[in-house]
Amino acid sequence: MFKFWAKELLYAFKDITYRSTYTVLGDISLRNVYISDLGIKVYVKKIKFGELRDENMNYHLQIEAKMLNNYARILIEMLSNDCQNILGGYDNILNDLDIKPELKAILYECIHA
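Here's a quick rundown of the structure. Treat the numbers as computed from the prediction; the structure is a model and nothing was measured.

## Examining the environment of I93
Structurally, the position occupied by I93 is in helix α3 (residues 90-96). What makes I93 buried here is its relative accessible area of 18%. With 13 residues separating them in the primary sequence, I93 and S80 have C-alpha atoms 7.4 Å apart.

## Looking at the pattern of salt bridges
One pass over the structure, following the stated rule, counts 3 salt bridges. Here E8 and K7 are joined by a salt bridge, their closest N and O atoms 3.8 Å apart. In this structure E8 comes out as partly exposed when scored by relative accessible area, which is 25%. Relative accessible area serves as the criterion here: at 37%, K7 is assigned to the partly exposed category. With a shortest N-O distance of 3.1 Å, D37 and K41 are connected by a salt bridge. By relative accessible area, K41 is classed as partly exposed at 35%.

Cut-offs and rules
- Residues numbered from 1 in each chain as written.
- Predicted model: local features only at pLDDT ≥ 70, side-chain atom pairs only at ≥ 80, totals over all residues.
- Heavy atoms only, no water.
- Helix = DSSP H or I, 4+ residues; strand = E, 2+ residues; numbered from the N terminus.
- Buried < 20%, exposed > 50% of the residue type's maximum accessible area, 1.4 Å probe, protein only.
- Salt bridge = Lys/Arg side-chain N within 4 Å of Asp/Glu carboxyl O.

Okay, here's the thing in structure tokens:
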């Protein structure tokens with residue numbers, strides 16, 4: 001199920017990054033992710049949107065990096081099964097996770113985008 005959820009979340013973040021015309025206020029976290037219908041539907045809800053987006057390239061790259069960071073944080077929280085003790089220590093938690101090195105590398109790059 002994790003692979004399916006990760007893929008669906010990536011699609012959601014892609015849509016927010018490339019199709020939304022408004023800025024996202026704050027971060028998107030695991031608290032914004034809802035699973036329904038026995039795990040086959042993934043929703044990202046309760047996101048606060050602000051002003052219309054600026055269309056220059058620097059702003060777009062900044063939003064893209066923010067969305068990659070949020071995506072990686074959500075996946076790490078899902079894998080670590082501990083949302084309370086993560087404040088700021090994503091690198092340490094990522095190193096301690098028993099996952100494939102390829103996934104660790106992807107998550108590391110997303111966190112530091």
